[in-house]
Amino acid sequence: MLGTGRGGPDSAMVAAARDGDQQALDALVADSLPLVYNIVGRALNGHSDVDDVVQETFLRVVRALPDLRDPQAYRSWLVAIAVRQVRDHEQDRRTTQHRRADLDTAEEMPDPASDFAAVTILRLGLTDQRREVAEATRWLDGDDQALLALWWLEETGELDRADLAGALGLSGRHAAVRVQRMKEQVQTARTIVRALRAESGCPELRALTANWNGTPSPLWRKRFARHIRDCAVCQGRTAGLLPIDRLLSGLPLLPLPVGFALHHLQAVPPAVEAVAHATTWGASHGSHALETTRPGLPASLPPAPITIGGAAAVVVTGVLIFGQLTAPAPEAAPPPAVPAQTASPSPSRTPSARATPKPSPSPTPSRRQASRTPTPTPARTPPPASVASSPRKGVGVWKMPGLSTAFAKSGASWYYTWSTSREGITGPRADGFVPMIWGKDSVTPENLAQARSAGPYLLAFNEPDLPQQANMTVEEALSLWPKLMSAGRVLSSPSVAFGADTPGGWLDRFMTGAKERDYRVDFIALHWYGADFRTQPAVSQLKSYVQAVYKRYRKPIWLTEYALIDFSNGTRYASDAQQAAFVTASTRMLASLPYVRRYAWFGLPSSDTEPNSGLFRHDGTVTRAGRAFQAAR
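Just so it is clear, the structure is predicted and the values come from calculations on it, not from any experiment. (Residues numbered from 1 in each chain as written. Predicted model: local features only at pLDDT ≥ 70, side-chain atom pairs only at ≥ 80, totals over all residues. Heavy atoms only, no water.)

A.B. asks: Which residues make up the overall build of the protein, and what are the values?
C.D. replies: Across its full length, the protein carries 21 helices and 14 strands. Pairs at least 24 residues apart make up 72% of the contacts formed inside the protein by residues separated by at least 6 positions. Accessible area of the protein: about 26800 Å², with a carbon and sulfur share of 52%. (Helix = DSSP H or I, 4+ residues; strand = E, 2+ residues; numbered from the N terminus. Contact = heavy atoms within 4.5 Å. Areas by Shrake-Rupley, 256 points an atom, 1.4 Å probe, with all protein chains shown as cover.)

Shown next, in the form of structure tokens:
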């Protein structure tokens, strides 16, 4: 469950974990592990001890958690512990090296398979100057690598300056000085990376490298930097380096490696309070133990479950696999097994996942055909949900019996129909309609007039990057854009299916062309579908994507389609319980991002016979996802 802030756990989760609730601790670790892994991995540059340092960090976190006074300070506290563990590791490593008799072997070359810079380049698909920055991190001192790890996360929106300064134990002013010095070191290292790539162009550099063993070190950094500073040939090759701030902005967290494990992670609840808290965080799920082991796990660390607080019968796993952690969903039946999937900041969908719509579509559930029908699981009927309202809260709608009543019951303040038609919705909330010009064939005088009369907002071009949807080139969209500007006083970007944050992608090229032509784009419209049905990973992926898009364009965001649907191999829907848990967690997360002005769930109608993500059935009853949506803000 995510709350306010930059994606950290809310205070209720932290407080429950602090007080000994094992389910809350599992969820807390699942939320925190990617951040700690990125801090430690970048600080140690993929040294073989990364896993051990992450493990030790979480052991210290769990042991010290009962003493945490302010749950809202958890994130800064966690970061400080991670940085302290990195420093302790580096100090121990230096001490060990100094004891060696053979100083020539003092420097360790990280295993290429675990080199964090190489992993970052590979798994984030870095190219050109971003690749150079990742490679340059190998040349930094240990303290600067730790600082870069924090500053990198600050640039990507995962930390703020207070977190960074707190982790370093410095004031904000002194932290700024340290960051500036570190950036200068990175810049120097970037010039070295670029010069070494072009070594053949400089005979003096080629001669200098003859005695170098290929391992980055402070000594060789100084030698290479001195040569580059005095060499006209090498100095000329360093021209055109973009500021590092611009290069790191918008990059997501690096996903955890498949099978990344925390060994023997145990809760440390107060002996008496363990019983009281055993029911506070998903007790309806019962005891559980995850016994999946990581390949190559030493025999001395068996995956045996450990029982603590005997009276409470709380079972925790001996080997806690992050990829298996699932956020609790109230009254949820055990979901079907889902193959492990790699996290990504944007949904993975194939064009064949969608049926071809008509030029002015009224989407129906048949847009996305289900690949299988799950066996219904009996569940208790929950009590009526309180209906909350928010100007941000919206929904996509298409024709269904009792459409106006369902929309009124949903608590949504606005809706759209993928067209300029209201689809017959009446009542006091009907004025929340936002029209859309769906594709190039929808740009007609009649549709433009309807859009103009509907109000100030206008959504533009539905998924022009997919052949089965609007199917438009960037040039076609730009040629029609002046007509849309005349019809909408507040105009969205085209809503691409995915890759809105990708440099050189469809939306990026459109926004570049619009800027060159001085065309108006008032906000970014996004679509996102999650293929990972676990609540916390799905929310984290959505947040990373939204953050990356905002950092790229710096415009308000409307999330106009989103749900848990996997299009990677046909169409697969999350269960109603999984959708409900995701609605609750994702809307809380979205509420914490001030630049997300509106969101719209996909969608209001629910099929009575096929898997779907809808909120209201044709007989007027509400789904579990619908109840969660009613309570959302």
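A.B. asks: Provide a residue-level description of the sheet that holds strand S6 (residues 414-416), including the pertinent values.
C.D. replies: Pairing between the strands of a sheet is mediated by backbone hydrogen bonds and can be parallel or antiparallel. Spatially, five strands are ordered S6-S5-S14-S11-S10 in an open sheet, and the strand pairing comes out parallel. In this open sheet, the two strands that pair with only one neighbour each are S6 and strand S10 (524-529). Direction aside, neighbouring strands of the sheet carry axes that sit 25° apart on average. As paired strands, strand S5 (residues 393-396) and strand S14 (residues 596-602) are joined by four bridges and run parallel to one another. If you follow Lys393 over to S14, its bridge partner there is Tyr599. Sheet strands in contact with helix H20 (residues 576-591) are S10, strand S11 (557-563) and S14, and its direction is about 170° off that of S11. (Pairing = 2+ DSSP bridges. Axes fitted to C-alpha atoms, helices over the stretch in contact; angles between N-to-C directions.)

A.B. asks: How would you explain the pattern of salt bridges if you had to name every residue and give the values?
C.D. replies: Under the definition given, this model contains eight salt bridges. Linking Asp19 and Arg18 is a salt bridge whose minimum nitrogen-to-oxygen distance equals 3.5 Å. Overall, Arg18 belongs to the buried group, its relative accessible area being 18%. Between Asp532 and Arg534 there is a salt bridge, with the nearest N and O atoms lying 2.5 Å from each other. (Salt bridge = Lys/Arg side-chain N within 4 Å of Asp/Glu carboxyl O. Buried < 20%, exposed > 50% of the residue type's maximum accessible area, 1.4 Å probe, protein only.)

A.B. asks: Describe the packing of aromatic side chains, listing the residues and the values that go with them.
C.D. replies: The description of an aromatic ring pair rests on the distance of the ring centres and on the angle between the ring planes. Counting across every chain of the model gives 27 aromatic pairs. Centroid distance Phe407 to Tyr415: 4.9 Å. Interplanar angle 65°. Geometry classified as edge-to-face. In terms of burial, Phe407 and Tyr415 fall into one category: buried. Measuring from ring centre to ring centre gives 6.1 Å for Trp414 and Tyr416, while their planes differ by 15°; the resulting arrangement is stacked. (Phe/Tyr/Trp six-rings, centres within 6.5 Å; stacked < 30°, edge-to-face > 60°.)

A.B. asks: Account for the packing of H20 against helix H21 (residues 624-631), with residues named and values stated.
C.D. replies: Running from amino to carboxyl end, H20 crosses H21 at an angle of 10°, the nearest separation of the two axes being 7 Å. Regarding the angle of H20 to H21, the classification is roughly parallel. Listed contacts from H21 to Asp576, Ala577, Gln579, Ala580, Val583 and Thr584 of H20 are Arg624, Ala625, Ala628 and Phe629. Broken down by class, the residue content of the contact of H20 with H21 amounts to six nonpolar, two polar and two charged. (Parallel < 35°, antiparallel > 145°, perpendicular 65-115°, else oblique. Nonpolar A, V, L, I, M, F, W, Y, C, P; charged D, E, K, R; others polar.)

A.B. asks: Just give me the short version of the state of the cysteines, but keep the residues and values in it.
C.D. replies: A complete count under the given rule lists zero disulfides for this structure. Residue Cys202 stays outside any disulfide, its sulfur separated by 3.7 Å from that of Cys231, the closest cysteine. You can call Cys202 buried: its relative accessible area is 2%. (Disulfide = S-S within 2.5 Å.)

A.B. asks: Describe in detail the environment of Ala80, supporting the description with residues and values.
C.D. replies: Following the sequence through the fold, Ala80 ends up in helix H4 (residues 74-98). Each C-alpha atom of the pair Ala80 and Thr57 lies 10.0 Å from the other, and the pair is 23 residues apart in sequence. Setting aside residues no more than four positions away along its own chain, Ala80 makes contact with Gly166 and Ala167.

A.B. asks: Lay out unusual backbone geometry in plain terms, naming residues and giving numbers.
C.D. replies: Cis peptide bonds are those with omega within 30 degrees of zero, and the linkage from Phe602 to Gly603 qualifies with -10°. Looking at the element boundaries, Gly603 is found in the loop between S14 and H21. Backbone geometry places Phe461, a non-glycine residue, at a positive phi of 50°. The phi angle at Asn471 is positive, at roughly 50°, despite the residue not being glycine. Within the secondary structure, Asn471 sits in the loop between strand S8 (457-462) and helix H17 (474-487). Residue Asn471 is classed as partly exposed on the basis of its relative accessible area, which comes to 41%.

A.B. asks: Explain the pairing of S11 to me, using residue names and the numbers behind them.
C.D. replies: Every other side chain in a regular strand lies on the same face of the sheet, so the side chains alternate between the two faces. Within S11, seven of the seven residues are buried, which leaves it mostly tucked inside the rest of the structure. Here six bridges tie S10 to S11, and the two strands are oriented parallel to one another. Paired with Leu526 across the two strands is Leu559, which belongs to S11. Where the polypeptide runs from S10 across helix H19 (residues 535-553) and back to S11, its parallel neighbour, the crossover connection is right-handed. Inspection of the sheet shows S11 paired to S14 by three bridges, in the parallel sense. (Right-handed = clockwise from strand over helix to strand, strands pointing away.)

A.B. asks: Kindly report on the packing of H17 against helix H18 (residues 506-516), identifying the contributing residues and their values.
C.D. replies: Put simply, H17 and H18 touch, their axes get as near as 10 Å, and they point 40° apart. Between H17 and H18, the angle falls in the class oblique. The two elements H17 and H18 meet at a crossing, and its hand is right-handed. Along its contact with H17, which presents Val474, Ala477, Leu478 and Trp481, the element H18 presents Trp506, Arg509, Phe510, Gly513 and Ala514. (Left-handed = near helix turned anticlockwise from the far one by under 90°.)

A.B. asks: Describe the environment of Glu56, with residues and values.
C.D. replies: Assignment of secondary structure puts Glu56 in helix H3 (residues 50-64). By relative accessible area, Glu56 is classed as partly exposed at 26%. The sequence separation of Glu56 and Gln85 amounts to 29 residues, and the corresponding C-alpha distance is 7.5 Å. Once you skip the residues sitting within four places of it in the chain, Glu56 turns out to touch Arg63 and Gln85.

A.B. asks: Explain a positive patch on the surface to me, using residue names and the numbers behind them.
C.D. replies: Judged by side-chain charge, Lys222, Arg223, Arg226 and Arg229 come together as a positively charged surface patch. Residue position: Arg223 is located in helix H11 (residues 218-230). (Patch = residues over 30% accessible without salt bridge, like charges linked within 9 Å, V, L, I, M, F, W, Y side chains within 5 Å. Lys, Arg positive; Asp, Glu negative; His and termini not counted. Charge placed at Lys NZ, Arg CZ, Asp CG, Glu CD.)

A.B. asks: Please provide a residue-by-residue account of the sheet that holds S8, values included.
C.D. replies: With parallel pairing, the three strands of this open sheet are ordered in space as S7-S8-S9. The sheet terminates laterally at strand S7 (436-437) and strand S9 (490-495), the two strands that pair on one side only. Bridge analysis of S7 against S8 gives two bridges, and the strand direction is parallel. Pairing of Ile437 across the sheet is with Ala460, part of S8. In the packing of H17 onto the sheet, contacts are made with S7, S8 and S9, and the angle to S8 comes to roughly 160°.

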